[in-house]
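Next come the chains, spelled out residue by residue.
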Number of protein chains: 2
Amino acid sequence: MGKIYLVGIGPGKKQGMTLQALAALEECDLLAGYTGYIELVREQFPQKQLLATPMRQETERCRQALEQAAAGHTVAMVCSGDAGVYGMAGLVYELSIQFPPVEIEVVPGVTAACSGAALLGAPLAHDFAVISLSDLLTPWELIAQRLKAAASADFCICLYNPASKKRVDYLQRACDILLQYRSPENAAGIVRQIGREGESAQVMTLEALREMQVDMFTTVFVGNSQTKIQDGKLVTPRGYRNV
Amino acid sequence: MGKIYLVGIGPGKKQGMTLQALAALEECDLLAGYTGYIELVREQFPQKQLLATPMRQETERCRQALEQAAAGHTVAMVCSGDAGVYGMAGLVYELSIQFPPVEIEVVPGVTAACSGAALLGAPLAHDFAVISLSDLLTPWELIAQRLKAAASADFCICLYNPASKKRVDYLQRACDILLQYRSPENAAGIVRQIGREGESAQVMTLEALREMQVDMFTTVFVGNSQTKIQDGKLVTPRGYRNV
């Protein structure tokens with residue numbers, strides 16, 4: 001029986017990969033995934049056969065990987081960050097019922113909420129919500145409802161996919177919702193290109209966040225009401241009582 | 001100037017550590033942290049000096065680490081999972097203003113939300129909320145408000161610290177809140193001792209979750225309304241439209 005590893009490689013560089021992820025990439029005979037992510041790992045595994053597909057063809061990519069696994073191959077599906085957080089794990093499981101049985105193993109990785117938070121200080125040190133602003137597969141009304149829920153219950157918030165070419169004003173719309181519940185001075189931050197060339201981190205107020213131009217390589221953080229900006233870092237206390 | 005690395009070592013075994021975390025532990029001359037976590041890594045680094053402190057003395061532990069860093073040492077504070085998710089990162093930043101300047105670097109790791117999810121399938125494949133049920137430093141009213149917010153906005157949910165010796169019925173209380181908004185058939189699951197001896201994962205309904213006895217080594221997962229139980233795995237679709 002073939003096998004698919006769904007491998008979270010962390011933010012990008014080899015340094016951010018776990019030993020378990022490296023072992024899965026070593027074991028496989030076929031590397032699958034979005035071309036951009038394959039590029040991040042192929043240098044270390046030049047001898048592996050590739051099954052690369054362009055962005056936005058996730059379903060086709062997963063089908064091909066399942067086909068190859070059903071034919072007896074050991075396939076490693078390379079995912080950025082963690083394979084289970086907006087990664088391919090859910091989709092591969094969903095599609096797997098259409099194929100002969102294959103073994104599926106998810107190899108977890110460091111998701112952008114954690115790797116980005118590390119660059120900003122400690123923005124997610126208390127309860128937090130992770131929300132994608134992409135409305136490709138989720139109605140905007142539900143995204144808005146989640147932003148309201150997270151803002152009103154004082155969650156720390158991490159936003160994935162804050163913008164794309166077609167969704168230039170989504171972060172602004174999201175901030176307008178958050179500002180109904182939070183102070184304009186609420187601490188916030190953005191990180192770009194985590195663990196890759198051009199990595200940057202920037203701390204600001206929620207009000208200033210609303211005016212930022214972001215792209216699909218940006219991850220956005222909004223602290224809770226207790227989060228402070230301290231020496232250029234976001235610091236969320238571990239509770240609502242004094243240290 | 002001394003330095004503190006806040007090192008997320010992932011769930012437990014060496015396999016779950018990133019190369020960056022291993023490098024930080026290698027570089028330091030002093031290993032700090034809760035005794036139980038130090039035990040997980042000291043075998044690999046037998047030559048390092050230890051600064052171990054018992055559970056629940058987090059503030060004292062961080063003070064000692066800052067003192068040593070201020071004296072010129074390179075200290076690695078070992079945290080389970082990710083250092084920024086209910087880890088020591090926030091506390092070290094908070095306390096650092098009381099000490100001479102030291103460099104602080106957070107080395108992110110695989111948090112239990114991700115490592116536990118991997119064992120259950122793909123429960124967090126859409127927007128999710130991470131909530132700790134510990135009311136040591138957070139009023140229960142706020143925890144309850146967050147549970148309501150997450151349940152009503154159809155977030156996938158991951159619960160940390162679902163119980164302790166003094167909080168035996170907290171998971172039950174949490175489930176009662178979730179059941180006000182979710183079906184008793186809502187998919188759920190628990191994992192125990194992730195990445196350690198005795199690791200186990202169990203999939204069930206929300207109704208069944210309410211009756212579970214859990215401990216402080218358990219992480220709890222509740223899917224969203226779309227999450228399915230499929231061949232014993234939790235599978236959350238990546239959106240609200242068909243594949």
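Look above for the structure.
Structural notes, computed from the coordinates. Remember, predicted model here, so these are calculated numbers, not experimental data. (Residues numbered from 1 in each chain as written. Chains lettered and ligands numbered in written order. Predicted model: local features only at pLDDT ≥ 70, side-chain atom pairs only at ≥ 80, totals over all residues. Heavy atoms only, no water.)

## Quick notes on the sheet that holds strand E1 (residues 3-8) of chain B
Residues and elements named next belong to chain B.
For step 1, the next point in the chain: With parallel pairing, the five strands of this open sheet are ordered in space as E3-E2-E4-E1-E5. Two strands close off the open sheet at either side, each with one partner strand: strand E3 (49-53) and strand E5 (103-107). Between one strand axis and the next, the sheet turns through 20° on average, direction left out of account.
For step 2, the next point in the chain: Where strand E2 (residues 30-34) lies against strand E4 (residues 74-79), four bridges are found, and the strand directions are parallel. Note that in E4 the partner of Ala 32 across the bridge is Met 77. (Pairing = 2+ DSSP bridges. Helix = DSSP H or I, 4+ residues; strand = E, 2+ residues; numbered from the N terminus. Axes fitted to C-alpha atoms, helices over the stretch in contact; angles between N-to-C directions.)

## Brief notes about the sheet that holds strand E8 (residues 156-160) of chain B
For step 1, the next point in the chain: Spatial strand order, E10(A)-E9(A)-E11(A)-E8(A)-E7(A)-E7(B)-E8(B)-E11(B)-E9(B)-E10(B): ten strands in an open sheet with mixed pairing. At either end of the open sheet lies a strand with only one pairing partner, and these are strand E10 (200-205) of chain A together with strand E10 (200-205) of chain B. Across the sheet, the mean angle separating the axes of adjacent strands is 15° when strand polarity is ignored.
For step 2, the next point in the chain: The pairing of strand E9 (residues 187-192) of chain A with E10 of chain A spans six bridges and is antiparallel. Each residue of the ladder has a partner; that of Ile 190 of chain A, found in E10 of chain A, is Gln 202 of chain A.
For step 3, the next point in the chain: Running at roughly 70° to strand E11 (residues 218-222) of chain A, helix H5 (residues 112-120) of chain A makes contact with strand E7 (128-132), strand E8 (156-160), E9, E10 and E11 of chain A of the sheet.
For step 4, the next point in the chain: Packing of helix H5 (residues 112-120) of chain B onto the sheet brings it into contact with strand E7 (128-132), E8, strand E9 (187-192), E10 and strand E11 (218-222) of chain B, and relative to E11 of chain B it is tilted by some 70°. (Contact = heavy atoms within 4.5 Å.)

## Quick notes on the packing of aromatic side chains
For step 1, the next point in the chain: The tally for this structure, following the rule as stated, stands at six aromatic pairs over all chains.
For step 2, the next point in the chain: Between Tyr 34 of chain B and Tyr 37 of chain B, the aromatic rings sit 4.9 Å apart at their centres with planes inclined by 90°, giving edge-to-face as the arrangement.
For step 3, the next point in the chain: Cation over ring: Arg 146 of chain A sits above Phe 155 of chain B, and NZ or CZ is 5.5 Å from the ring centre.
For step 4, the next point in the chain: Here Arg 173 of chain B stacks its cationic end above the ring of Tyr 170 of chain B, 4.6 Å away from the centre of that ring. (Phe/Tyr/Trp six-rings, centres within 6.5 Å; stacked < 30°, edge-to-face > 60°. Lys NZ or Arg CZ within 6 Å of the ring centre and 35° of its normal.)

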